[in-house]
Each structure stands twice: as C-alpha cells, then as structure tokens.
Amino acid sequence: MNFGRGPSVVLNVGGTRYSFSREVLKDFPLRRVSRLHGCLSEQDVLEVCDDYDRERNEYFFDRHSEAFGFIMLYVRHGHLRFVPHMCELSFYNEMIYWGLEGSHLDYCCQRRLDDRMSETCTYYAAEEPNGGPEGKGRRPAGAEGKKWLERMRRTFEEPTSSVAAQVLATVSILFVIVSMVVLCASTLPEWRAPENRSVEEQSRYTAESVREPSGIIEAICIGWFTAECIVRFIVSKNKCEFVRRPLNIIDLLAITPYYISVLMTVFTGENSQLQRAGVTLRVLRMMRIFWVIKLARHFIGLQTLGLTLKRCYREMVMLLVFICVAMAIFSALSQLLENGLDLGTKNKDYASIPAACWWVIISMTTVGYGDMCPITVPGRILGGICVVSGIVLLALPITFIYHSFVQCYHELKFRSARYSRSLSAEFLN
C-alpha cells in the first residue's frame, strides 16, 4: 500500500470494523478492497471508499454491514450465500459494489437470483472503475486517447452501446444477409450451369467470375468483414485475448477461405491443377456459411447458446459419455441377437458392431429413420429397452443445462439493458 502508515489497515463497513495487514490487501479477493493497495493519495482513497481517517488508518464504507459479513465468509471459506431475510437483488447490488458476480454464488442461490431477476425489471449496473462523480473531475495524462479507444471498442463490440454502434451493427447484419442470399443463390441450377463446361471454359470462367455481379457482391462483403475485423483488432485491449475469442475465430474462418480461393484461382493455371483445385474451391466457398454465426455478435439468443455451451461443457461431456457407453452395450448386443447367433434369421443390416451403432443412435434419440430395424423377438425387446434408456439418459443432464441457460440469458439481457440505458441518455443529450 502506497498511502497511509502503520503495519495494518482497518475497514469500517456500516459500523463493523475489520483489520487486515497491508500485504493481504494486495491480492484481496474483493476488487474494491484490493484497489486500496495502489492508492497514492487521499484523493485516490476517496474514490474507492466513502471516508478516511488518517490518524487511525481507517477506511469507511457506507454499506450494509451484515451483507459484507456474508461476503467475508466467502473470502475465508469460498462459499457465498444470501443473507437471510434480505432481498436477493439488494444483496446482489452489494456483491457488485465489492467486485463479485452472480457466478460466485452457490448454485442454490444462483437459482434464487435467476428467479427473482425474471420476475422484476430492476437493473443494477456495475460501477465504473473510475469510481463515482469524484473521479470524473481529474483525468490523468492520455485519458482522452484511452477514452476514444474505449468508445471505439464499445462501438464495435457492443451493438447497443450507442447510436453509432447500432448503425454499425445494422450494416453488418445487412452484409451477412446479402452474403447468405448470394451463397444460397449460387447453388441454383441456373447459377451452377457454368460448372458443367469444359476444363478450358471452366478455367476462363473461374478467372472471370470475380468480375460478375455475384463475385463483386461477394468481394464487397468480404471487404467489409475484413475491415471490421482489422479495426476491432486494433482497438482491442488485449490482442492475445482477442485472437482466442470464439467469435473472432469464427470471423477468421469466414474470411480466410475467400482469400485462399482467390490465390488458388490465380496460381492454378494448369488443367491438372485446376482439376484438383475445383473441389477445394467449392469447399472453401461453402465455408462462407460461417458468416451466419457472425449474427451471434448482435443477437442475445445466439450469445446465450454459446455461453451456455461454454459453461456446461462438463454436463455436455457427461451426456456424450452416457451415449457412448449405451452405444457400446446395445450395438454389441443387437449385433449378437440379429446376426451373430446364426439361427437362420440373419439380419444383414446388423452385420457388424459399427453398423449397429447407427441403429442405436437413431433409436436412443427417438429419430427412428426405419432404414434398419430388428426382426427377431429378442432384438425387438432389446430395441424397446434401448429407446427407453435413451430417453432417460438424455433427460438426466437437461435440468442442469436449462438452469445454466436461464442464468446466461439473464446476464446477457441485463448487460444489454445497461448499454440501452446509456443509449437512451445519448438520445436525451
């Protein structure tokens, strides 16, 4: 700690005093408390707490003392639960003030918070790192440049953060829709007619396709997506984290095939090379379907799906393990009963265990295409058991995934509400 004297500091939260050593504050789990360690002046201290006593080295916070006591239990023991007889939203507001999130709550309390949020329209916005109004008067050197970069970043990353962000998101959505329409139209027989030409004509057609209307539209869309991706990379805070984000990886997968196909078109002038490149070009062009996933940047529903899959990967792995174990058991038994006993009623559809796995998976998921089915009595009994067990096994992890989906939806919805509120203020001003 760079401000104050004495080997220890005292936190006074709503009349309850807590004493800590200076070294403990450096890596304190509560973000607001740990910020005290880097304060250089009394002005910096007052941006974090409500008052400060220099003589006793005591910091005052005008917050709910009982709620902070439960938060301290989380600091000591790692379990965070609601205060009895206290509003869940009020306690959640205290959590946000001290730097915690809803994910820090125990699972039972997370469900209570989800239910309460779904019943109300109250929104508690996280406090900005600069503190309250006291921190707005004094700005360090270079703050204007950082503010401009932050505004640019929010414009490209948060579609509801400002009017410019909404306009930019609308234009991006229009480009995605246009590119998808062109992709779908390119598979029509009238558009695919040039593919039936000879090799020489196909070579000439490939070279001229970029100059056709569809090629021009595709080039314009790719140019927009490329420029958008480059600008977002430039204004990002952490370049390494930017590259690792799933949506940015999808953007790269959607843009790169176009440039690869153009390069292959330029460098494959020989007929033999063109024959090998033809299939590759079609595969690369079809990878433009990844542009649809770009809509996840602008729609909460797709973001919720991605965040749920990210948080529920353990449940998803458990579901896959259940299915794989059941497939191994039922495919082996069905192959034995239908083909392996050799009782004069061999079923050729079950000639091997891998072939029987296809029947098991469509039976457990209750799809039942009917392309293969058991013909023996023991095989049909096994098929019934397979269908029932599939329903049970698939239903077991669904409850966990559902509650995680609800929580993710509320988190993204309230974050969108925060930016919508700032957008309304921008209109009023």
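If you check an unreviewed UniProt entry, the protein appears there as Voltage-gated potassium channel regulatory subunit KCNG3 from Leiothrix lutea. What the UniProt record of the protein gives under Subunit (unreviewed entry) is the line "Heterotetramer with KCNB1. Does not form homomultimers."

S.K.: Any chance you could explain the pairing of strand S4 (residues 58-61) here in plain terms?
M.R.: Two faces belong to every sheet, and in a regular strand the side chains alternate between them. Bridge analysis of strand S1 (residues 8-13) against S4 gives 4 bridges, and the strand direction is parallel. Each residue of the ladder has a partner; that of Val10, found in S4, is Glu58. Here strand S3 (residues 51-53) runs beside S4; their pairing, made up of 3 bridges, is antiparallel. Each bridged residue has a counterpart across the sheet, and for Tyr52 the counterpart in S4 is Tyr59. Hairpin connection of S3 to S4: 4 residues between the antiparallel strands, including Asn57 at a positive phi of 55°.

S.K.: Even after reading the chapter, I still don't get the nonpolar core, so can you show me in this structure?
M.R.: Soluble globular proteins tend to pack their nonpolar side chains together in the buried interior. Membership of the largest hydrophobic core comes to 39 residues, with the highest contact counts inside it found for Tyr59, Phe61, Phe91 and Trp98. Counting only elements with at least two residues in this core, the list comes to S1, strand S2 (16-21), helix H3 (42-48), S4, helix H4 (65-77), helix H5 (88-98) and helix H6 (107-119).

S.K.: Help me understand the environment of Val243, please; the structure alone is not making it clear to me.
M.R.: Its place among the elements puts Val243 in helix H12 (residues 239-244). Sequence separation of Val243 and Phe233 is 10 residues, and the distance between their C-alpha atoms is 8.3 Å. Ignoring any residue separated from it by four or fewer positions in sequence, one finds Val243 in contact with Phe233 and Ile249.

S.K.: What exactly am I supposed to notice about the pattern of salt bridges here?
M.R.: Applying the stated criterion across every chain yields a total of 7 salt bridges. The salt bridge partner of Arg17 is Glu58, with a shortest N-O separation of 3.2 Å. Here the residue Arg17 occupies a position in strand S2, and Glu58 occupies one in strand S4, the gap between them amounting to 41 residues. Salt-bridge contacts for Arg56 lead to Asp53; the nearest nitrogen and oxygen are separated by 3.0 Å. One continuous salt-bridge network, built from bridges that share partners, spans Arg17, Asp53, Arg56 and Glu58.

S.K.: So what exactly am I meant to see when it comes to the sheet that holds S1 here?
M.R.: For sheets, the rule is that strands pair by backbone hydrogen bonds, running either parallel or antiparallel. Pairing is mixed in the open sheet, where 4 strands are placed in the order S2-S1-S4-S3. Two strands lie at the open edges of the sheet, namely S2 and S3, each paired on one side alone. Averaged over all pairs of adjacent strands, the angle between strand axes in this sheet comes to 20°, irrespective of strand direction.

S.K.: Help me understand the packing of aromatic side chains in this model?
M.R.: Remark: the centre distance and the inter-plane angle together describe each pair of aromatic rings, the angle taken between the planes. According to the stated counting rule, one finds 11 aromatic pairs in the structure shown. The interplanar angle of 75° and the centroid separation of 5.2 Å between the aromatic rings of Phe20 and Phe28 together place this pair among those described as edge-to-face. A relative accessible area of 12% means that Phe20 is categorised as buried. Here the aromatic rings of Tyr52 and Tyr59 are separated by 4.8 Å at their centres, their planes lie at 35°, and the arrangement is tilted. As far as the burial class goes, Tyr52 and Tyr59 line up, both buried. In this structure, Arg32 packs its charged tip against the face of Tyr97, placed 3.8 Å from the ring centre. The cationic tip of Lys239 hangs over the ring face of Phe233; the distance from NZ or CZ to the ring centre is 5.9 Å.

S.K.: Hey, could you run me through the confidence of the model for the protein in this one?
M.R.: A low pLDDT means the predicted coordinates there should not be read in detail. Across the protein, the average pLDDT comes to 76, with 77% of residues at 70 or higher. Within the model, the stretch residues 194-211 combines pLDDT values under 50 with 21 contacts to residues more than four positions away or in other chains. The low-confidence segment residues 270-275, where pLDDT is below 50, has 9 contacts with residues more than four positions distant or belonging to other chains.

S.K.: Looking at this structure, I do not really get the packing of H4 against H5. What am I missing?
M.R.: Helix packing for two helices is described by the angle between their axes and how far apart those axes are. Put simply, H4 and H5 touch, their axes get as near as 10 Å, and they point 65° apart. You can see that H4 and H5 cross each other, and the crossing is right-handed. Facing Ala67, Phe68, Phe70 and Ile71 of H4, the residues of H5 in contact are Phe91, Glu94, Met95 and Trp98. Each residue belonging to the contact of H4 with H5 can be placed in one class, and the counts come to 7 nonpolar, no polar and 1 charged.

S.K.: Can you walk me through the UniProt feature "transmembrane region" (unreviewed entry) in the protein in this structure?
M.R.: Taking the numbering used here, the UniProt-annotated feature "transmembrane region" (unreviewed entry) corresponds to residues 163-188, 215-235, 247-269, 289-309, 316-337, 349-369 and 381-405. The span residues 316-337 shows a helical share of 100% and a strand share of 0%, and its end C-alpha atoms are spaced 31 Å apart. A distance of 14 Å separates the end C-alpha atoms of residues 349-369, which is 57% helix and 0% strand.

S.K.: Mind showing me how you'd approach the environment of Ile255 here?
M.R.: Relative to the assigned elements, Ile255 resides in helix H13 (residues 246-267). You can call Ile255 buried: its relative accessible area is 9%. Residues Ile255 and Cys221, spaced 34 residues apart in sequence, show a C-alpha to C-alpha distance of 9.7 Å. Ignoring any residue separated from it by four or fewer positions in sequence, one finds Ile255 in contact with Ile222, Phe225, Thr226, Cys229 and Trp291.

S.K.: Explanation requested: the environment of Arg153 in the structure shown.
M.R.: Within the secondary structure, Arg153 is located in helix H7 (residues 143-157). Between the alpha carbons of Arg153 and Ala165 there is a distance of 9.7 Å; along the sequence they are 12 residues apart. With residues near it in sequence (within four places) discarded, Arg153 still touches Glu158, Val235 and Lys237.

Reading the values: rules and limits
Residues numbered from 1 in each chain as written. Predicted model: local features only at pLDDT ≥ 70, side-chain atom pairs only at ≥ 80, totals over all residues. Heavy atoms only, no water. UniProt positions renumbered as here; feature names shortened; annotations may be inferred. Pairing = 2+ DSSP bridges. Helix = DSSP H or I, 4+ residues; strand = E, 2+ residues; numbered from the N terminus. Core = buried A, V, L, I, M, F, W, Y, C linked by side-chain atoms within 4.5 Å. Buried < 20%, exposed > 50% of the residue type's maximum accessible area, 1.4 Å probe, protein only. Contact = heavy atoms within 4.5 Å. Salt bridge = Lys/Arg side-chain N within 4 Å of Asp/Glu carboxyl O. Axes fitted to C-alpha atoms, helices over the stretch in contact; angles between N-to-C directions. Phe/Tyr/Trp six-rings, centres within 6.5 Å; stacked < 30°, edge-to-face > 60°. Lys NZ or Arg CZ within 6 Å of the ring centre and 35° of its normal. pLDDT = per-residue confidence, 0-100. Left-handed = near helix turned anticlockwise from the far one by under 90°. Nonpolar A, V, L, I, M, F, W, Y, C, P; charged D, E, K, R; others polar.

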